[in-house]
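This is what each chain is made of:
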Protein chains: 4
Amino acid sequence: MPIVDINCDMGESFGAYTLGRDAEILDFVTSANIACGFHAGDPATMRKTVKLAIEKNVGIGVHPGLPDLVGFGRREMNISPQEAYDLVVYQIGALSAFVKAEGGKIQHVKPHGALFNMAAKNAELAEAIAEAVYKVNPEMVFFGLAGSELVKAGHRLGLRTASEVFSDRTYQEDGSLTSRREPNALIKDHETAVRQVIRMVKESKVTSQQGSDISIKADTVCIHGDGESALDFARYITSALKETGITIASIGSFLK
Amino acid sequence: MPIVDINCDMGESFGAYTLGRDAEILDFVTSANIACGFHAGDPATMRKTVKLAIEKNVGIGVHPGLPDLVGFGRREMNISPQEAYDLVVYQIGALSAFVKAEGGKIQHVKPHGALFNMAAKNAELAEAIAEAVYKVNPEMVFFGLAGSELVKAGHRLGLRTASEVFSDRTYQEDGSLTSRREPNALIKDHETAVRQVIRMVKESKVTSQQGSDISIKADTVCIHGDGESALDFARYITSALKETGITIASIGSFLK
Amino acid sequence: MPIVDINCDMGESFGAYTLGRDAEILDFVTSANIACGFHAGDPATMRKTVKLAIEKNVGIGVHPGLPDLVGFGRREMNISPQEAYDLVVYQIGALSAFVKAEGGKIQHVKPHGALFNMAAKNAELAEAIAEAVYKVNPEMVFFGLAGSELVKAGHRLGLRTASEVFSDRTYQEDGSLTSRREPNALIKDHETAVRQVIRMVKESKVTSQQGSDISIKADTVCIHGDGESALDFARYITSALKETGITIASIGSFLK
Amino acid sequence: MPIVDINCDMGESFGAYTLGRDAEILDFVTSANIACGFHAGDPATMRKTVKLAIEKNVGIGVHPGLPDLVGFGRREMNISPQEAYDLVVYQIGALSAFVKAEGGKIQHVKPHGALFNMAAKNAELAEAIAEAVYKVNPEMVFFGLAGSELVKAGHRLGLRTASEVFSDRTYQEDGSLTSRREPNALIKDHETAVRQVIRMVKESKVTSQQGSDISIKADTVCIHGDGESALDFARYITSALKETGITIASIGSFLK
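All values reported here derive from a predicted model rather than from experimental measurement.

**Points about the relation of the copies chain B and chain C**
Aligned on chain C, chain B shows an RMSD of 0.0 Å; the corresponding rotation is 180° and the shift along the axis is 0.0 Å. The transformation relating the two chain copies, once decomposed into turn and shift, fits a two-fold axis. Proximity to the rotation axis, assessed at the C-alpha, singles out Met77(B) in chain B; its C-alpha lies 2.1 Å from the axis. Same-surface contact between copies: 100% of interface residues of chain B are shared with the interface of chain C.

Here it is as C-alpha cells:
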C-alpha cells in the first residue's frame, strides 16, 4: 500500500516578526521541520512550535540552517565540513531541549536552505551533517533530497534516511531539481503538482524536463507553509493523495 | 570530612578570538561552566571544550547567558521569566548535544553574568531558570549564589542545588556580595582569598564587611580562568585546600 | 498658526520578514524614523526606505535602537552612557550613508523603544545620546518625549529639539506617559486620540489621568505604522488636523 | 622618487575580546583599515581606533566585511552585487560617523577578507563595491588587489584607486596571489618579504612562482597587525624601505 509523509518548514517567526501559518498548516502535514535560531526562529518560537506539533501529533524535526538570519539561510557559505557538523549538533541540541521539556520526541533532521542544497551535491558536507545526526541520536530519521549525497551519506552511516521530493519543482534527467534560475523550475498549477507527487509515490517515477521518465524515491513530500495559497495547497494535496489511495503518515511510523 | 567543588568559566573563546587558558585551568578545577554561544562561545569552541573536560575528567556544566555577545552577557536586560526560561532551555540543549556526541554527561547548570546576578535577587527569574533545568533534565545540579533566590528556587523544585561562594569577593552582612562599585569588593591578595574559602568550607562562616560573622554554605567555589594570575591562583588554592584537609571533588559526586 | 509634524517608525522589515505598510503610511506622515539594523531593519531595507522617503518628500530620521533584534529593542538594557553614545553614533552613520548615496539629507534623530524610554528618565543617557547627535551633525533635529530628560539634554547642547507627543497614550499629572501596565494607558478610540492631539497642538494642554490640565509642548506627534488600523488612523488624523486649521509639515521646516 | 603607503587591519577587537596590537602598530603604518562590526569590531572599538589613528596621524580607512562574526568574514558567502553594495554603504557610514565625531577624515575603503577575495575575481561584485564608495563619497581612495577586478572597477568609476601588494605572499604568473592551500603561498622570511616589496615599489616587478618576472603596481603594501612577529616586521620593513630610498606616506597624500 502506498504511503508517504508530508513535511513543511515551521517555526520561522522571529521576535516581533511573524512568518507562516503554522497552526493551520499543522492540521495537514505529518512532519514539521522547526527552525532553530540560525536562519530563522528564536527560543520562544521554538517552544511554541514544538508544543503545537505535539498537540497536533505531528512528527517533530530539527531544521538546522546556516548562521545567516538576514539571508534566511539561503545564501551559500563556504563552511568546512567540521563547521557544518558543529552547527548541526548545536541546533539539534537546542531544539531537542524544548522537545524534552514539552514531553515530546524528536523524529527527524532536515538541513535547511543553502545548507541542504550545498550538502546535496557535496559528499563531505553531507557526511559531516549525517555524522552530527548520528552522534547526537542515531534514532532520528535523516532527510535528504532524493538521490543526493545527503541520502547516500545517511545510508552509509546506517541512519534511517528519508528521500524527499518536491511537489512544486521540476526535475532534470539526472534526478536533480531544475535550478530556480531556469524558466520551468516551478510548478505553479496545483493539479499538475499533485499529479507529479502521486506518480512519484505510487510508481517511483517522475518525468524530467528532458521528457524521459526517471526513477525517484518519495518517502516524504515537502510543501510550503507561507505564501497566499499555502493552506489551500496543503488541504488540496492531502485530500487528493488520500482519494487516490495513498496513506499519509509521519515518516517515523513507517520508514525502515 | 570537608569537601568542596571548584568551578571555573570555560569555553569563552569565539571564532578568531581566544579567551582564557582553558586547557591548563582544567587541570585544577573539578567543574567547568561552558559558554553556549549567547554571551560567549560558539559551536566549535563548545565541542573542543567539552572534549577537553571529558578527557580531564572535569564535571561539565552549562553556562547559559543573556543574548549579548558584545557585552559578554554582563549587562542586565529586562527579560521576562518566560524569556529567561526559553533561553536557558535553548542553551542547555545546545551544550547537551555536544556532550552527547562526545560520549559525556552534563553535570550542572550555572547561569552566567547578569542573568546570574538578576536571578539571585529576583524570585520569578530564579524560578523560571530552575524550571528550565528541571524540565530538560532534573538530574542536573543547579548552581546559585549561596543564600540567593536561585538556591531557594532550586530547592523548591527539588533540584540538587549547589551553594556557590566566591574566593575573591567580599560579603555583606546580609550574605550578598559587596557591589563591584564599592572600594572593598575584591580580595586581591591570594592568601586572604584562600583563607576565606577555607573558613567558608570548614566552618560555614565568613566575616562580612561590617565585621560580623555570617553563616554561608560553600558547596562550590568559583575561580577565574582568565587574567594574568588565574593559573597561579588555581594552583595555589587547590594545593592550599588539600593541605588543610579539604577534599576537592566534582559537585555531582558528593552533593545530595 | 498652529503647526505640527507627524512622525512614524519605518524600515522595520528584516531580511525575509516584512513589517509595517511603509509605502502607504509615507503618504500621510511628514517625518520617518528609520530603523538602523540594531533593533530592526537591515542594509537593504534601509536603502529602500530612504529612497521611498525621498520620493515622497518625507523628512528622514535616524531611529537608533538597542542591539536586541529578537526583543525589537524593547527590553531595557543596562548600558553605560558611553555605550549609548557609541551605538547612536554608529547608527546615525549607517543611515546617513544611504541618505547620502540616494541624494537626500538627514532631518532628525529619534531614539527607539527602550533606549528612548530609559533616556527619557535618565539624564546621563539622554546627554550621551544628544552628544552623539551633536558631534556627528549638529544640524539634525533631536526628538524626545515632551518634558523628558531627552528634551532637556537636547536644549542644553543647543540642538534644535522637538517635543514629541503620543496620540494613543494617556498622560500622568507629572507629564509622563501612563505605564502600559496600567489599565488606561492606551487610547483606543480614534476620535478621542485625535481630540487629545488637537488640544495639545492648539492649546499646549492635555488632561491627565488625575483629571487636571497639564502643560505640554507638541512639536511632533507619533503615530504607528503597523497593525490593522494604522493606515486608517493615519488618514483620519491628518485630515482631522487639517480641518481644524492645523498645518502638518516636516519638523525641519518650522522648528526653531 | 619611489613612494609607497603601508596599510594594516585595525580595530578588530570585539567586546571583551582583544585582537592585535593596534596602538603599537600605528607607529609604523601610514593607513589603517578599521573593522566596522560585521566581521570584527564594535562601536566602542571603532571610536577608540579612530581616535588613535587621528592622534598618530595615520590615514583612516573603512574595512567593510561580510556579516560573519564567528567566521571573521573569511568564509565566502554567495551574496548578490546589490547585497554587497548595501553592506559596504552601511559600514562606510558607520565608521564615517565616528571619524566625523572625532574631527577626522576618511581616507580610503578596503574590502575585507572573503569580500575582498571574491570581488577581486568577480567584476559585478567589484563594481557594486566601487559604486558604494563612489556614491557615499567619491573622494575616498579605493583599495584593491593589484591587477584585480577591484582595481578595474575603481578606475572605471573614476575613483582614485590604489593597487595593493602583499609582502608575505607569493605571486602567480597571471598576477594573482598563490592560493593559501599551495605549499609556497607564504613568505615567512622577513628579509625575502621585504626584498620583494622593494622590487615591487622600485621596479614594478615581482618574480612569479613560475620563475618569470611580471609587472605589478605597488601603491600600498599590506602588513599584519596580529601574531607574534607583527610588530618586529612592521619596524623592520619601514626602516628597510626608508634605507633604500623609498618614501613611506599615507596613500591619500600622493595617489593620483
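Let's pick the thread back up.
**Some remarks on the interface of chain B and chain A**
Each side of the interface is counted separately: chain B has 22 residues, and chain A has 22 residues. Of the roughly 1,800 Å² buried where chain B meets chain A, counting both sides, 62% is carbon and sulfur surface. Summed over the shared surface of chain B and chain A, the result is two salt bridges. In this structure, Arg47(A) and Asp86(B) form a salt bridge, with 2.5 Å as the shortest nitrogen-oxygen distance. The element best represented in the side of chain B that touches chain A is helix α3 (residues 81–101) of chain B, accounting for twelve residues. Among the residues making up the side of chain B that touches chain A, the classes are represented as 14 nonpolar, four polar and four charged.

**Here we look at the packing of aromatic side chains**
In the structure shown here, the tally under the stated rule is 20 aromatic pairs over all chains. Judged by centre distance (5.2 Å) and plane angle (25°), the rings of Tyr17(B) and Tyr17(D) are stacked. Residue Tyr17(B) is found in the loop between β1 (3–10) and α1 (22–25), and its partner Tyr17(D) is found in the loop between β1 (3–10) and α1 (22–25); the two belong to separate chains. Tyr17(D) sits in the buried class, given a relative accessible area of 1%.

**Things to note about the interface of chain B and chain C**
Listed as interface residues are eight residues of chain B and, on the opposing side, eight residues of chain C. With both sides pooled, the region where chain B packs onto chain C buries about 740 Å², and carbon together with sulfur makes up 56% of that total. At the surface where chain B touches chain C, the tally comes to two salt bridges. Along the contact surface separating chain B from chain C lie four residue pairs in polar contact (both at pLDDT 80 or more). The residue makeup of the side of chain B that touches chain C, split by class, is three nonpolar, one polar and four charged.

**Quick word on the pattern of salt bridges**
Pairing of side chains with opposite charge becomes possible as their charged atoms draw close. Residues and elements named next belong to chain D. One pass over the structure, following the stated rule, counts 59 salt bridges over all chains. Of the charged contacts in the structure, one is a salt bridge between Lys 56 and Asp 27, with a shortest N-O distance of 2.9 Å. Pair noted here: Lys 56 is in the loop between α2 (43–55) and β3 (59–63) and Asp 27 is in the loop between α1 and β2 (31–35), with a separation of 29 residues, a long-range link. Residue Lys 56 is classed as partly exposed on the basis of its relative accessible area of 29%.

**Here's the deal with the side chain of Asp22(B)**
Residues and elements named next belong to chain B. Structurally, the position occupied by Asp 22 is in helix α1. Of the side chains with opposite charge, Arg 21 comes closest to the buried, unpaired Asp 22, at an N-O distance of 8.9 Å. Once residues within four sequence positions are removed from consideration, Asp 22 is found in contact with Met 10, Gly 11, Glu 12 and Thr 49.

Quick notes on the rules
- Residues numbered from 1 in each chain as written.
- Chains lettered and ligands numbered in written order.
- Predicted model: local features only at pLDDT ≥ 70, side-chain atom pairs only at ≥ 80, totals over all residues.
- Heavy atoms only, no water.
- Least-squares fit on C-alpha atoms with pLDDT ≥ 70 in both.
- Contact = heavy atoms within 4.5 Å.
- Buried area = accessible area lost by both parts, 1.4 Å probe.
- Salt bridge = Lys/Arg side-chain N within 4 Å of Asp/Glu carboxyl O.
- Helix = DSSP H or I, 4+ residues; strand = E, 2+ residues; numbered from the N terminus.
- Nonpolar A, V, L, I, M, F, W, Y, C, P; charged D, E, K, R; others polar.
- Phe/Tyr/Trp six-rings, centres within 6.5 Å; stacked < 30°, edge-to-face > 60°.
- Buried < 20%, exposed > 50% of the residue type's maximum accessible area, 1.4 Å probe, protein only.
- Polar contact = N/O pair within 3.5 Å; in protein donor to acceptor, adjacent residues only side chain to side chain.
- Lys, Arg positive; Asp, Glu negative; His and termini not counted.

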